[in-house]
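Commentary on secondary and tertiary structure
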Amino acid sequence: MLAMALLDYLRGTENPPLLIETDTSAPDVWKTYKGDVESHCIDLEQRDGWLELLDVLDRNAETATVINTKAANQVGLRKFGGMLIEALRQQKRKLVALWVIDRKRDGLELLGGFLETLAKDERVELHVVRNLYWGDEGKFDMYNGSELRKEIEQRGGRTLSFPDVADRVAEAINRERMPIHKAREELPFGSRVELSRWQGEYGQMFAEVVR
């Protein structure tokens with residue numbers, strides 16, 4: 001949902017975004033947006049997948065690129081992530097990483113691994129996104145008062161909150177694999193009003209870190 005919201009936000013900019021879907025076992029974002037934006041489905045657990053990613057980034061050096069990753073891609077990052085850092089250096093680009101967390105410990109442990117693997121490089125800007133589907137900001141107590149949060153924010157990262165949306169809206173988008181801008185046209189009136197509210201809130205969130 002975060003990747004789809006980000007694609008929707010970037011559609012309002014001067015240059016349309018590019019999508020890289022790396023969850024090849026369940027490429028829901030790719031299936032939803034492949035007819036709407038240029039998109040590629042790439043396996044980042046293999047070296048050839050990383051090389052393909054770098055080729056796509058090189059062909060689209062001036063384009064904002066959304067890379068949707070599955071929850072556990074640590075092995076590929078540890079083995080091949082250095083190639084991405086080198087590509088960012090050569091292209092003079094930066095990586096804005098939006099790390100989505102729920103209220104469980106697992107996500108924080110993976111976040112710590114990502115911080116050690118890639119996020120210490122100056123070309124990587126890491127922000128943590130609390131998914132408010134799991135409750136309001138105050139319920140993320142495992143993260144809110146953690147040393148990990150202090151370290152990320154000391155490095156210039158932000159703690160953001162991704163707004164929840166009514167279940168019937170989320171279910172309709174996922175069930176029909178409907179891009180958000182089309183949902184604004186096709187859903188029932190009440191759902192469209194709720195969707196407009198949600199767009200406004202996540203737009204404010206993205207405006208803080210996507211420039």
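Before going into details, it helps to say that this report is about the structure given with it. Keep in mind it's a predicted model, so treat the numbers as computed, not measured.

What to know about helix α8 (residues 167-176)
- Those residues of α8 that fall on the buried side of the exposure criterion are V169, A170, A172 and I173. Looking down the long axis of α8, one finds its buried residues gathered within 160° of arc, a one-sided arrangement. Turned more than 90 degrees away from the buried face of α8 sit R168 and R175, all of them exposed.
- A positive phi of about 50° marks R177, the residue just after α8.

Some thoughts on the sheet that holds strand β1 (residues 18-21)
- One open sheet holds the 3 strands; their spatial order is β2-β1-β3, and the pairing between them is parallel. Only two strands of the sheet have a single neighbouring strand rather than two, namely β2 (39-41) and β3 (65-68). Here the strands of the sheet are splayed against their neighbours by 15° on average, with no regard to which way each runs.
- Two elements, β1 and β2, share 3 bridges in a ladder whose sense is parallel. Its bridge partner being in β2, I20 is matched across the sheet by H40.
- Across the sheet, helix α1 (residues 2-11) is in contact with β1 and β3; its angle to β3 comes to roughly 175°.

Considering the side chain of T32
- When you line up the elements, T32 lands in helix α2 (residues 28-33).
- From its side chain, T32 meets the backbone oxygen of D28 in a polar contact 2.8 Å long.
- Apart from the residues within four sequence positions on either side, T32 is in contact with M4, R177, M178 and P179.

Some points on the packing of aromatic side chains
- For the structure shown, the criterion picks out 7 aromatic pairs.
- Note on F162 and Y202: the rings are 6.5 Å apart at their centroids and 35° apart in plane angle, and the pair reads as tilted. Placement of the pair is F162 in strand β6 (residues 159-162) and Y202 in helix α10 (residues 189-207), with a sequence separation of 40 residues.
- Take F162: its relative accessible area is 5%, and that puts it in the buried class.
- By way of ring pairs, the aromatic residues Y9, F162, W198, Y202 and F206 are connected into one cluster.

Examining helix α7 (residues 147-154)
- Every buried residue of α7 is listed here: L148, R149 and I152. Viewed end-on, α7 has its buried residues packed into an arc of 100°, placing them on one side of the element. Seen from the buried face of α7, the exposed residues on the opposite side, beyond 90 degrees, are E147 and Q154.
- Residues of α7 that are buried sit in contact with α5 (105-119), β5 (124-131), α6 (141-144) and β6.

Thoughts on the sheet that holds β5
- Pairing is parallel in the open sheet, where 3 strands are placed in the order β4-β5-β6. On the outer flanks of this sheet lie β4 (95-101) and β6, each paired with one strand and no other. Neighbour-to-neighbour, the strand axes of this sheet turn through a mean angle of 35°, independent of strand direction.
- Sheet topology places β4 next to β5; 7 bridges connect them, and they run parallel. Within β5, the position partnered with V100 by the bridge is V129.
- Relative to β6, α10 is tilted by about 165°, and along the sheet it contacts β4, β5 and β6.

Notes on the nonpolar core
- Of all hydrophobic cores here, the largest spans 32 residues; its most connected members are W50, L53, L84, I101, L111, F114 and L126.
- When contributions to this core are tallied by element, the ones reaching two or more residues are β1, α3 (47-59), α4 (74-91), β4, α5, β5 and α7.
- L7, L10, A183 and F206 belong to the second-largest nonpolar core, a separate cluster that totals 31 residues.

Some details on the packing of α5 against α7
- In contact at an axis separation of 11 Å, α5 and α7 are set at 35° when each is read in the N-to-C sense. As for how α5 packs across α7, the hand of that crossing is left-handed. Note on element contacts: α7 touches α5 through L148, E151 and I152, opposite L108, L111, G112 and L115.
- Residue composition of the contact of α5 with α7, by class: 5 nonpolar, 1 polar and 1 charged.

Cut-off values and rules
- Residues numbered from 1 in each chain as written.
- Predicted model: local features only at pLDDT ≥ 70, side-chain atom pairs only at ≥ 80, totals over all residues.
- Heavy atoms only, no water.
- Buried < 20%, exposed > 50% of the residue type's maximum accessible area, 1.4 Å probe, protein only.
- Helix = DSSP H or I, 4+ residues; strand = E, 2+ residues; numbered from the N terminus.
- Arc of directions from axis to C-beta.
- Pairing = 2+ DSSP bridges.
- Axes fitted to C-alpha atoms, helices over the stretch in contact; angles between N-to-C directions.
- Contact = heavy atoms within 4.5 Å.
- Polar contact = N/O pair within 3.5 Å; in protein donor to acceptor, adjacent residues only side chain to side chain.
- Phe/Tyr/Trp six-rings, centres within 6.5 Å; stacked < 30°, edge-to-face > 60°.
- Core = buried A, V, L, I, M, F, W, Y, C linked by side-chain atoms within 4.5 Å.
- Left-handed = near helix turned anticlockwise from the far one by under 90°.
- Nonpolar A, V, L, I, M, F, W, Y, C, P; charged D, E, K, R; others polar.

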